Amino acid sequence: MISIKSEREIKLMREAGILNYKTHEEVKKHLKAGITTKELDKIAYNFISSHNAKPSFLNYEGYPASICVSINDEVVHGIPGKRIIQNGDVVSIDIGVEKHGYHSDAARTYIVGEAPKEVQDLVKNTEQALMVGISKVREGAKIGDIGAAIEKYAHDHGLSVVEELVGHGVGTDIHEDPDVPNYGKEGTGVTLKAGMVIAIEPMLNLGDKDIYMLDDDWTICTDDEMPSAHFEHTVVVTKDGCKILTGEICDGEE
Ligand code: MF3
Ligand code: CO
């Protein structure tokens, strides 16, 4: 079942989205070579908790941390721990925030220090692929339009698309219907309606698309150990486009 959010619910979801954005900004401030992933997790936990909200991922299906920190060949769902961030690391940070019973979900990838041009392009183009996907969202468009656009953008830029993990609806649950794949065919799948809220989250690889899961039962890595990037926004469908609920704070918003 795909829920349509009321005006009131969308306001609350934007609040959760704003806090998600602010948490990303807070984590970014501390993201430097030498910090551990556990320290970043703690910063996010404290920030979210002090704003009358909860980290959505903590204890979700047994997930043991507040955020996901996935480094280099780790695609998503890296569990924060003792690992120390190094110069040249490609670091994906995924954050879920629940406020007033509504969730928001957003991810960004950073390069810490210097990295080769092809790795910089991987990160830039994955963010761009997300924006291209978002540009397809409006009432009457199909879910397949989003995936087709992301897939084409990725392939045109020499990147592969992880297929096993997909975007999703967001609302009172962090993962709701529908699935939002990062591949597919234009004109196919669910028709978008104003008030639907979806998370779009391309995971693109510099090498091959194949992945595996570590023994921790969470961390997803590339088979060929080449780096991967991940960007995600939660958006609400409108009549003529969408609003990015996890996007930067505009004039007139607190
Ligand atoms: N943004 C991630 C996703 O939608 C959230 C992972 S939730 C976790 O897949 F708790 F399972 F890590
Ligand atoms: Co998500």
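Just above sits the structure.
Residues numbered from 1 in each chain as written. Chains lettered and ligands numbered in written order. Predicted model: local features only at pLDDT ≥ 70, side-chain atom pairs only at ≥ 80, totals over all residues. Heavy atoms only, no water.

A. How the structure looks around the site of ligand 1. Within the structure, ligand 1 sits among F57, Y60, Y63, C68, H77, D94, D105, H168, H175, E201, W218 and E232. For ligand 1, an oxygen atom lies 3.0 Å from a polar atom in the side chain of E201. Considered on its own, ligand 1 offers 330 Å² of accessible surface; in the complex 95% of this is hidden by protein. For the shell around ligand 1, the per-class residue count stands at 5 nonpolar, 3 polar and 4 charged. (Near = heavy atom within 4 Å. Polar contact = N/O pair within 3.5 Å; in protein donor to acceptor, adjacent residues only side chain to side chain. Areas by Shrake-Rupley, 256 points an atom, 1.4 Å probe, with all protein chains shown as cover. Nonpolar A, V, L, I, M, F, W, Y, C, P; charged D, E, K, R; others polar.)

B. Highlighting the coordination of the cobalt ion (ligand 2). Surrounding the cobalt ion (ligand 2) are the protein donor atoms D105 (OD), H168 (NE2), E201 (OE) and E232 (OE), at 2.1 to 2.3 Å. Given 6 donor atoms and angles of 65 to 169 degrees at the metal, the environment of the cobalt ion (ligand 2) is assigned as irregular. Along the chain, the residues donating to the cobalt ion (ligand 2) are arranged with the sequence spacing D-x62-H-x32-E-x30-E. Residue H168 is located in strand β7 (residues 167–169), and its partner E232 is located in the loop between β13 (228–230) and β14 (233–238); the two are separated by 64 residues in the primary sequence. Judged by its relative accessible area of 4%, H168 is buried. Among the residues examined, E232 registers a relative accessible area of 1% and is labelled buried. (Donors = N, O, S within 2.8 Å, 3.2 Å for Na, K, Ca; no water. Tetrahedral: all angles 85-135°; square planar, octahedral: opposite > 155°, others 65-115°. Helix = DSSP H or I, 4+ residues; strand = E, 2+ residues; numbered from the N terminus. Buried < 20%, exposed > 50% of the residue type's maximum accessible area, 1.4 Å probe, protein only.)

C. Looking closely at the sheet that holds strand β12 (residues 220–222). The strand order across the open sheet built from 3 strands is β3-β12-β11, with neighbouring strands paired in antiparallel fashion. Two strands lie at the open edges of the sheet, namely β3 (74–76) and β11 (211–213), each paired on one side alone. Neighbour-to-neighbour, the strand axes of this sheet turn through a mean angle of 40 degrees, independent of strand direction. Here β11 runs beside β12; their pairing, made up of 3 bridges, is antiparallel. When the bridges of β12 are listed, I211 appears paired with T222. (Pairing = 2+ DSSP bridges. Axes fitted to C-alpha atoms, helices over the stretch in contact; angles between N-to-C directions.)

D. Looking closely at the sheet that holds strand β6 (residues 160–161). Pairing in this open sheet of 3 strands is antiparallel, and the strands run β6-β10-β13 from one edge to the other. Of all the strands in the sheet, the pair left with one neighbour each is β6 and β13. Direction of pairing for β6 relative to strand β10 (residues 203–205): antiparallel, over a ladder of 2 bridges. Within the sheet, the bridge partner assigned to V161 lies in β10 and is L204.

Purely geometric numbers; function is a separate question.
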